[in-house]
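The residues making up each chain are set out below.
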2 protein chains.
Amino acid sequence: MNIAILFGGSSYEHEISIVSAITMKKVLQKSTLTYIFVDANRAFYLVDTEKINSKLFSSGEYRKGKQLTLKKGGFFSEGMFGSKKVEFDVVLNLIHGRDGEDGKIAALMTFFDVPFISPRLEASALSYNKLYTKFLAQSLGVKTVKYEYLSKNDERKITMDYPVIIKPVRLGSSIGVSIVKDASELDYALDVAFEFDTDVIIEPFIEGVKEYNQAGCLTDTWELSIIEEPHKEEFLDFEKKYMDFSRDSQVLAAEIAGDLKEKIQDVFKKIYDPLFRGSIIRCDFFIVEGEVLLNEINPIPGSMANYLFEDFEGMLGRLSRHLPKEKNIPIEYQYIHTIQRAKGKA
Amino acid sequence: MNIAILFGGSSYEHEISIVSAITMKKVLQKSTLTYIFVDANRAFYLVDTEKINSKLFSSGEYRKGKQLTLKKGGFFSEGMFGSKKVEFDVVLNLIHGRDGEDGKIAALMTFFDVPFISPRLEASALSYNKLYTKFLAQSLGVKTVKYEYLSKNDERKITMDYPVIIKPVRLGSSIGVSIVKDASELDYALDVAFEFDTDVIIEPFIEGVKEYNQAGCLTDTWELSIIEEPHKEEFLDFEKKYMDFSRDSQVLAAEIAGDLKEKIQDVFKKIYDPLFRGSIIRCDFFIVEGEVLLNEINPIPGSMANYLFEDFEGMLGRLSRHLPKEKNIPIEYQYIHTIQRAKGKA
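Reading the values: the criteria
Residues numbered from 1 in each chain as written. Chains lettered and ligands numbered in written order. Predicted model: local features only at pLDDT ≥ 70, side-chain atom pairs only at ≥ 80, totals over all residues. Heavy atoms only, no water. UniProt positions renumbered as here; feature names shortened; annotations may be inferred. Helix = DSSP H or I, 4+ residues; strand = E, 2+ residues; numbered from the N terminus. Rg over C-alpha atoms; globule rule 2.2 N^0.38 Å. Buried < 20%, exposed > 50% of the residue type's maximum accessible area, 1.4 Å probe, protein only. Contact = heavy atoms within 4.5 Å. Areas by Shrake-Rupley, 256 points an atom, 1.4 Å probe, with all protein chains shown as cover. Lys, Arg positive; Asp, Glu negative; His and termini not counted. Charge placed at Lys NZ, Arg CZ, Asp CG, Glu CD. Salt bridge = Lys/Arg side-chain N within 4 Å of Asp/Glu carboxyl O. Pairing = 2+ DSSP bridges. Axes fitted to C-alpha atoms, helices over the stretch in contact; angles between N-to-C directions.

The name recorded for chain A in an unreviewed UniProt entry is D-alanine--D-alanine ligase, from Sulfurovum indicum. In its Subcellular location (unreviewed entry) section, the UniProt record describing chain A reads: "Cytoplasm". What UniProt states about chain A under its Catalytic activity (unreviewed entry) heading is, verbatim, "2 D-alanine + ATP = D-alanyl-D-alanine + ADP + phosphate + H(+)".

See the structure below:
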């Protein structure tokens, strides 16, 4: 299979997207990879798979490659003898953060009818925004950590007990996130978060909470990953996450009781189907008093959480044969024809 | 001002978008209009403003015009001597229903940095889906009519008293909507709704409920329309709505007590700001026991609700100077540089 890896983007996570993309070369050894880079200016470039390395991007040398145009059916390079289509079977959207996770790339791929692995527009808009993720969970009967919500111009008042964790609603990879131990630290943490976003959510910070990650997708059957218990400090900061995005070898499953495992898998399936069809997502859960609480949905997890799957490469192939399709809307101009006939008779 | 009217789209409302677009020619007489048509196949065509009429589209004759490509900064026509940009100041997104209201056009315009009047991606995704609109209202403390929700594969059971109104969650213009008077009619109404969508919401049908429409936008100040009391039968069917989309002359304001007017305007502002900045929307409210309930948000109302404003054309100009801008994200490759330096030393 020929997989087009779409990466980069106008995002705070531009660089970790490059790391994720390069990691795919180690992970997807049986496939042909076609690399399409979205630069900071949102221009598309074809990148030579043989030559890909991080310096190609930081040096600007990628610009020597072919620039591509997105049109009906795919990406095209324009030359002396017209337009030439870049050949591949499916796009793997690996743009973390803005553009990739907020629904823009999903919209572009859907509009121009390019088959792609990634959450669709609605799923992206809801999971990219942590407040909307709460609404989504609520509508599905999935429990979450309790929260409060503040906009940039709101009075900076919270009613929750400290310590709390402050998160910009629209960013991933812990950018702009702070743990606030008492009221004296609140202002500074909000200043930091509002540097990155207009809205934040505030949640209780639960020291030593049990956390489990479950990834998966739906092909002709459920393909669920092992459940991982992430080993981490207070929380991963950006540089540690950065290294985390280059993981390429399988990890061990968490030791976990059978009924809890089943509960986690059930909640995952409830969230995934049908909204996230066509994507591989990772859900991060907290276990509090035996209950499974959704902490976060990672719509495009670091290096696609490949290290949690036994047959990641095979799964990509199966998923590419089970992508959701937009309903075809026939346009027959029946109303305009009716009006024209009526006018003709008048 | 040169306004590019973007219309058509792969939508059940393709034809009424054409009606809305043609109506703009009567409404916007002081502006230069540039018509860009999105055909059923989602190809972009430049349409001669002088020659525009509904037959041009139903006959397929529009294909004789220039086909356009969307690239950074705008729409381009490709010719013998390279690429030529179509000149305009702002796009007015007039695509009703799918593509225009679901966030795809917003995503395309934002990604390719084309200034446009329309709800942005998040606002579109939330208002296009009637279930998500309920979530949004809830988060803002705005009351709505109570509801139940069914997916295609759910058991067809409702707990609400009849009569009820069944609506596909993702469509406008009353497509697929039925009033159900008793349990014997439920199955058929659901069959109809599920023809068009995978999800429906069910609300009590309130006979003779007072309904008021408020449109508006935020420029350097609030520009709110008169409040209209729509005169209608049970509800507008598709053909009546179709005619409704060609309205071009001002209507009379509803006779309404000052405090109710103020309540409606306050709720409108709460919904609009900041999520809908950059757009002109119309909110339809029900008044039940003196309370203002949000019925629907029309993110791209028929003929832009021009008939509710005194100076619609001037407002477009002012709004085009107050469009929200995406935050610029500087990409400096600091992490990649750090890693490269560390490798160089090792």
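Counting its secondary structure elements, chain A contains ten helices and 16 strands. In terms of overall size, chain A behaves like a compact globule, its C-alpha atoms giving a radius of gyration of 22 Å where 346 residues would be expected to give roughly 20 Å. Every one of the 346 residues in chain A was classed for burial, and the buried ones make up 59%. Across chain A, every contact between residues at least 6 apart in sequence was considered, and the portion connecting residues at least 24 apart equals 68%. Summed over its atoms, the accessible surface of chain A is roughly 15200 Å², and 49% of this surface lies on carbon and sulfur atoms. Between the averaged position of the 44 positive side-chain charges in chain A and that of its 52 negative side-chain charges there is a distance of 8 Å.

What follows deals with the pattern of salt bridges. Scanning the entire structure with this criterion turns up 44 salt bridges over all chains. Measuring nitrogen to oxygen at the nearest pair gives 3.8 Å for the salt bridge that ties R98 of chain B to E326 of chain A. Remark: E326 of chain A occurs in the loop between α9 (312–320) and α10 (334–345) and R98 of chain B occurs in the loop between β7 (90–93) and α3 (104–111); the pair is interchain, linking two chains. Of the residues examined, R98 of chain B reaches a relative accessible area of 11% and is grouped as buried.

Each strand in a sheet pairs with its neighbour through backbone hydrogen bonds, running either in the same direction (parallel) or in the opposite one (antiparallel). Residue and element names in this part refer to chain A. Taking strand neighbours across the sheet as the criterion, the eight strands line up as β6-β5-β4-β3-β2-β1-β7-β8 in an open arrangement whose pairing is mixed. Two strands lie at the open edges of the sheet, namely β6 (82–85) and β8 (116–117), each paired on one side alone. As paired elements, strand β5 (residues 74–79) and β6 share four bridges and run antiparallel to each other. Of the residues in β6, the one forming a bridge with E78 is S83. Each of β1 (2–8), β2 (32–38) and β7 (90–93) is contacted by helix α1 (residues 14–27), which is oriented at about 170 degrees to β2, the strand it contacts most.

Here the focus is the sheet that holds strand β12 (residues 199–204) of chain B. All names here are of chain B. Sheet architecture is open: four strands sit in the order β9-β12-β10-β11, paired in antiparallel fashion. The two strands at the open ends of the sheet, each matched to only one other strand, are β9 (148–151) and β11 (178–180). Between one strand axis and the next, the sheet turns through 25 degrees on average, direction left out of account. Here strand β10 (residues 164–168) runs beside β12; their pairing, made up of five bridges, is antiparallel. Across the sheet, P168 pairs through a bridge with V200, a residue of β12. Together, β9, β10 and β12 form the strand contacts of helix α5 (residues 130–140), whose direction differs from that of β12 by roughly 60 degrees. Most of the contacts of helix α6 (residues 186–196) go to β10, to which it runs at about 20 degrees, and overall it touches β9, β10, β11 and β12.

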